[in-house]
Amino acid sequence: MKTPIVCVAALASQVLASPVAYQDLVQDKSPLLWYRFDEAVGATEAINYGTLGTDFNGVFFGPVFLGDASIQGDTAACFEHPSQPYVESASDVPASLTGNPTFTAEAVVRVFATPQNPFYAPFLHWGAPRTGQSVYFSILRNDESRPYVGFYNGGATSLDNYTLGQWVHIVWTRDAGDGTNDDITGSRLFINGEEVDIDRDFSLPGAGVPDVQASPFYVQRATDFVRYFSGNVDEVVLYDRLLADDEIGEHYDALVDNAPCPADLDGDGSLTVFDFLAFQNAFDAGERRADFNPTTCTPSLDIFDFLAFQNAFDAGCP
Ligand SMILES: [Ca+2]
Ligand SMILES: [Ca+2]
Ligand SMILES: [Ca+2]
């Protein structure tokens, strides 16, 4: 048997789905919109925990899977792109989010590594499908491992990728300045607590100075049509102000503090042969936690999960 490796408290690169400590930080900031996606199986809408209230609950269209457990104890919604599910709020956005708005959008998600063309699938979207008239907090076309932050039909993407199949924390702060900032000016992007370099998405023509129109909020669709990826959406939050760098860092820290090592399946804080036994038992029982390379909303377990678990074990505790 190998000498047990003692885990440290924080993971450097892997976010786990949101714990209570994270949700407390969000609550303290009184966001406008906040979908926790922690509803019980069978629910027909996501409750809005933000200050806009239950008029902005998100109605589920198509098969949105609920109750997908996270290691931290919270749950997330799950979407599979072939069935094109989406979420739409019951009311149109307030006037403060139209025109050339200032806001912060935040998401905790896990995008699956599956063959797909995400086509700017939004974590959150609102507006009209005309130049400069809608907001896209989304993933990039043809590359689901990078965010896209901008408008119809121009914005920015990160030059860094996040890891498919792992939870990731993404924050977009968008400053309208004096109301003259264009589709990328004033945008900053943070992945797992760190600001990343962004550049214009040159596959798009550009949107100029935004003049966003009112519409419902959408997750996994836009006002023109359904735009979708396969994966988990754990938390979506929208604030009417710019979050400061240290606030974003605190959110990320709350997501990773006290998180277990991915391969510490028996939760004793060290990696031993007993974690292999726990993995085998979870695998045999068809449990999600044995799904080390998730590709569907129900556990998809095969030999590659053994290999992925072995790799996570060999990597030790970050
Ligand atoms: Ca959640
Ligand atoms: Ca262990
Ligand atoms: Ca798998």
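Criteria and thresholds
Residues numbered from 1 in each chain as written. Chains lettered and ligands numbered in written order. Predicted model: local features only at pLDDT ≥ 70, side-chain atom pairs only at ≥ 80, totals over all residues. Helix = DSSP H or I, 4+ residues; strand = E, 2+ residues; numbered from the N terminus. Expected span 1.5 Å × (residues − 1). Buried ≥ 20, exposed ≤ 12 C-beta atoms within 10 Å, placed from the backbone. Contact = placed C-beta atoms within 7 Å. Axes fitted to C-alpha atoms, helices over the stretch in contact; angles between N-to-C directions. Parallel < 35°, antiparallel > 145°, perpendicular 65-115°, else oblique. Nonpolar A, V, L, I, M, F, W, Y, C, P; charged D, E, K, R; others polar. Pairing = 2+ DSSP bridges. Domains from an automatic or database assignment. pLDDT = per-residue confidence, 0-100.

Asks: What's the story with helix α2 (residues 245-256) in this structure? I'm lost.
Replies: Side chains that are three or four residues apart share a direction in an α-helix, a result of its 3.6 residues per turn. A rise of 1.5 Å per residue sets the reference length of α2, with its twelve residues, at 16 Å; its end C-alpha atoms lie 17 Å apart and thus fit the reference within 8%. Among the residues making up α2, those that are buried are I248, H251, Y252, A254, L255 and V256. Buried residues in α2 make contact with α1 (20-28), β8 (103-111), β13 (167-174) and β14 (187-191).

Asks: Can you walk me through the packing of α1 against α2 in this structure?
Replies: When two helices pack together, you describe them by how their axes are tilted relative to each other and by the distance separating the axes. With their axes 7 Å apart at the nearest point, α1 and α2 run at an angle of 155° to one another. As the angle between them shows, α1 and α2 are arranged roughly antiparallel. On α2, the residues that touch A21, Y22 and L25 of α1 are E250, H251, A254 and L255. Residue composition of the contact of α1 with α2, by class: five nonpolar, one polar and one charged.

Asks: I tried to follow the pairing of strand β18 (residues 231-239) on my own but got confused; where do I start?
Replies: Side chains on a regular strand alternate between the two faces of the sheet. Most of β18 sits inside the fold, with nine of its nine residues counted as buried. Of the pairings in the sheet, the one linking strand β2 (residues 33-35) to β18 comprises three bridges and is antiparallel in character. Considered in β18, the bridge of W34 is made with V237. Here three bridges tie strand β6 (residues 75-79) to β18, and the two strands are oriented antiparallel to one another. Each bridged residue has a counterpart across the sheet, and for F79 the counterpart in β18 is G231. In this sheet, β18 lies alongside β8 in antiparallel orientation, the contact comprising eight bridges.

Asks: Looking at this model, I keep getting lost on the domain arrangement of the chain. Mind explaining?
Replies: Buried accessible area, meaning the area lost when the parts come together, often serves as the stated size of an interface. Per the domain assignment, the segments of the chain are domain 1 (5-10 + 260-315) and domain 2 (20-256). Relative to domain 2, the C-alpha centre of domain 1 lies at a distance of 29 Å. Each side of the interface is counted separately: domain 1 has eight residues, and domain 2 has eleven residues. The residue inventory of the side of domain 1 that touches domain 2, partitioned by class, reads four nonpolar, three polar and one charged.

Asks: Even after reading the chapter, I still don't get the confidence of the model for the chain, so can you show me in this structure?
Replies: Close inspection of predicted coordinates is inappropriate in any region flagged by low pLDDT. The predicted model of the chain has a mean per-residue pLDDT of 91, with 93% of residues at 70 or higher. The low-confidence segment residues 1-16 (pLDDT under 50) makes 45 contacts with residues lying over four places distant or belonging to another chain.

Asks: Is there a simple way to think about the environment of S89 in this case?
Replies: Note on placement: S89 falls in strand β7 (residues 86-92). Sequence separation of S89 and F56 is 33 residues, and the distance between their C-alpha atoms is 5.0 Å. Among all residues touching S89, those that are not within four sequence positions of it are F56, N57, G58, P216 and F217.

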